[in-house]
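# Close look at the chain arrangement
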Amino acid sequence: MFKIATPHIIPRPEHNISRANISEHATKVLYRLKAAGFQSYLVGGGVRDLLLGREPKDFDVATDATPEEVKAVFRNCRLIGRRFRLAHVHFGREIIEVATFRSMQDASEPGDRETENGMLVRDNIYGSIEEDALRRDFTINALYYNIEDFSVVDYAGGMADLQSGVLRLLGDPDIRYREDPVRMLRAVRFAAKLGFVINPACEQPLFEMGSLLQSVPAARLFEEVLKLFMAGVALQSFEKLRHYGLFGELFPETEECLAHEDHEFPITFVIRGMQNTDSRIREGKPVTPAFLFAVLLWEPVRLLAERLRENGEAPLPAMQQAGSDILMTQLERVSIPKRFSIPMREIWNLQHRFEQRAGKRPHRLLTHPRFRAAYDFLLLRAEAGEVDQELADWWTHFQEQDGDERNQMVRQANSSGDRPRRRRRRRKRPAKPADPS
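Residues numbered from 1 in each chain as written. Predicted model: local features only at pLDDT ≥ 70, side-chain atom pairs only at ≥ 80, totals over all residues. Heavy atoms only, no water.

## Here's the deal with the sheet that holds strand E10 (residues 152-154)
Strand pairing in a sheet takes place through backbone hydrogen bonds and is either antiparallel or parallel in direction. Read from one edge of the open sheet, 8 strands run E1-E10-E9-E2-E3-E6-E5-E4, paired in mixed fashion. Only two strands of the sheet have a single neighbouring strand rather than two, namely strand E1 (8-10) and strand E4 (77-80). In this sheet, adjacent strand axes meet at a mean angle of 30° when their direction is disregarded. Summarising the sheet, strand E2 (residues 40-43) and strand E3 (residues 60-63) pair through 4 bridges and their orientation is antiparallel. Counterpart to Leu-42 in the pairing with E3 is Val-61. Those strands touched by helix H1 (residues 24-35) are E2, E3, strand E5 (86-91) and strand E6 (94-100), and its axis lies near 35° from that of E6. (Pairing = 2+ DSSP bridges. Helix = DSSP H or I, 4+ residues; strand = E, 2+ residues; numbered from the N terminus. Axes fitted to C-alpha atoms, helices over the stretch in contact; angles between N-to-C directions. Contact = heavy atoms within 4.5 Å.)

## Digging into the packing of aromatic side chains
Tallying each qualifying case throughout the model produces 19 aromatic pairs. Residues Phe-269 and Phe-377 carry aromatic rings whose centres are separated by 5.4 Å and whose planes lie at 75° to one another, so their mutual orientation is edge-to-face. One end of the pair, Phe-269, is in helix H13 (residues 265-282); the other, Phe-377, is in helix H18 (residues 371-384), and 108 residues separate them in sequence. Assigned by exposure class, Phe-269 and Phe-377 land together as buried. By way of ring pairs, the aromatic residues Phe-222, Phe-238, Phe-247, Phe-251, Phe-293 and Phe-340 are connected into one cluster. The ring centre of Phe-150 lies 4.1 Å from the NZ or CZ of Arg-19, which sits over that ring. Between the NZ or CZ atom of Arg-406 and the centre of the ring of Phe-398, over which it lies, the distance is 5.5 Å. (Phe/Tyr/Trp six-rings, centres within 6.5 Å; stacked < 30°, edge-to-face > 60°. Buried < 20%, exposed > 50% of the residue type's maximum accessible area, 1.4 Å probe, protein only. Lys NZ or Arg CZ within 6 Å of the ring centre and 35° of its normal.)

## Section: the packing of helix H14 (residues 289-310) against H18
The packing of two helices is summarised by the inter-axis angle and the distance between the axes. At a minimum axis distance of 11 Å, the contact between H14 and H18 shows a crossing angle of 40°. It follows from the interaxial angle that H14 and H18 lie oblique. The two elements H14 and H18 cross, and the hand of that crossing is right-handed. Together, Phe-291, Ala-294, Val-295 and Trp-298 of H14 and Ala-373, Asp-376, Phe-377, Leu-380 and Arg-381 of H18 make up the contact between the two elements. Its residues assigned to classes, the contact of H14 with H18 shows 7 nonpolar, no polar and 2 charged. (Parallel < 35°, antiparallel > 145°, perpendicular 65-115°, else oblique. Left-handed = near helix turned anticlockwise from the far one by under 90°. Nonpolar A, V, L, I, M, F, W, Y, C, P; charged D, E, K, R; others polar.)

## Things to note about helix H8 (residues 200-208)
Among all positions of H8, only Cys-202, Pro-205 and Leu-206 are buried. Within H8, the buried residues cover an arc of 115° as seen down the axis, which keeps them to one side. Away from its buried face by more than 90 degrees, H8 exposes Pro-200 and Glu-208. Tucked inside the fold, the buried residues of H8 contact helix H6 (173-179), helix H7 (182-194) and strand E12 (197-198). Of the residues that open H8, the one with a side-chain oxygen 3.0 Å from the backbone nitrogen of Ala-201 is Asn-199. (Arc of directions from axis to C-beta. Polar contact = N/O pair within 3.5 Å; in protein donor to acceptor, adjacent residues only side chain to side chain.)

## A few points about helix H15 (residues 315-330)
With 16 residues, H15 should reach 22 Å at 1.5 Å per residue; the first-to-last C-alpha distance of 22 Å fits that figure. For H15, the complete set of buried residues consists of Ala-318, Met-319, Ala-322, Gly-323, Ile-326, Leu-327 and Gln-330. The buried residues of H15 occupy one face: seen down the axis, they fall within an arc of 150°. (Expected span 1.5 Å × (residues − 1).)

## Points about the pattern of salt bridges
Scanning the entire structure with this criterion turns up 21 salt bridges. Note that Arg-302 and Glu-306 form a salt bridge whose closest N and O atoms lie 3.5 Å from each other. Placement of both Arg-302 and Glu-306 in helix H14 is noted, with a separation of 4 residues, approximately one turn of the helix. Residue Arg-381 pairs with Glu-386 through a salt bridge whose shortest N-O separation is 2.9 Å. Here the salt bridges do not stand alone but share partners, grouping Arg-48, Asp-49 and Lys-193 into one network. (Salt bridge = Lys/Arg side-chain N within 4 Å of Asp/Glu carboxyl O.)

## Examining the packing of helix H10 (residues 234-243) against H13
Interaxial distance between H10 and H13 falls to 7 Å at its minimum, and their mutual angle equals 140°. What the angle tells us is that H10 and H13 run oblique. Contacts between H10 and H13 involve Ala-234, Leu-235, Gln-236, Phe-238 and Arg-242 on the former and, on the latter, Ile-267, Val-270, Ile-271, Met-274, Gln-275 and Asp-278. Residue classes in the contact of H10 with H13 are distributed as 7 nonpolar, 2 polar and 2 charged.

Structural measurements only, silent on function.
If you want it as structure tokens, here you go:
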């Protein structure tokens, strides 16, 4: 049996959370659950970020109502999940996630809870708010905002850790990481995002337990990679993942290249790619996972394509084969949906065409639907020193000119010897003789 903790109650005058900063839809869910006779609290990252003066990405609600009871209160509710049964209340594009308090019941006891080799694969046993707080991963995520009196309820010392900038797991780190290895990635993400220090007892296992990530479904790791690298702190996340030896569990082929580099290009290229992603997010510009994965996997693809070319393969088939081989290996660790892997491979396949600056090829390349992403990728390669800066500058200038100037640039490329190869005409096969029979 677990010991019920005495909560620390922070009254409204002693914290900075205001209902004005909470989503109106989240507030509506909280009040309607309360009116229906249930407990309702804002919990998790939303509370944490509000206390830190940050704008929360989303708002989650915790309650003693079961998912079915939540659905009965809200007509716009859908129940999802097998591993964790949750209620999603839909308000147009915004979804308020409502979770029922989880129990601390041992997995050996009867009920809808299941573990495999220490990993929690199913958890739908409901309990009290005290139990729910101690079931959460980090102390700073176990803070509850009570809509009834606007206080913050702290069962785990999360407020003190929040004020000290410390990231601390609830419970034994070894057990908690085995229950859900993704918690290791969450530790890295929160440390990078918040600038917090990971508590030493929670940090040491990160160096030792990374292989547990191999048991996590590749589709789930895809979602975690997006959270790590598309939240504006991609570079810090990348550096921390490598520091703890976790990056290689996610991208083994890339880590192999980075670990055995003979010069600075590969690591410089990835770092520039991360910086570029962070800058675009800060500036409110669109960022696509296709470009991010193209950066992360480029070095193993480039090296394999280079070996294929040395064996006599033409540039495009070599790149296509290398892309296929590396992608198949990568999908065993982190899945990449086709809506991202297809444009990612197009970015790679277009790279050799930038070297062809004579004839009509530059004009045709300029009209390719993936030109802009491939061009941005070329710029990164030039910044990292993989290709000559002159090539990138030529394409930058080519885009800025009108038709006559572009034709002049192409003629200069012709005269400098950058001529397109003539296609070989296939010989027509002689017609087969008529069958004498």
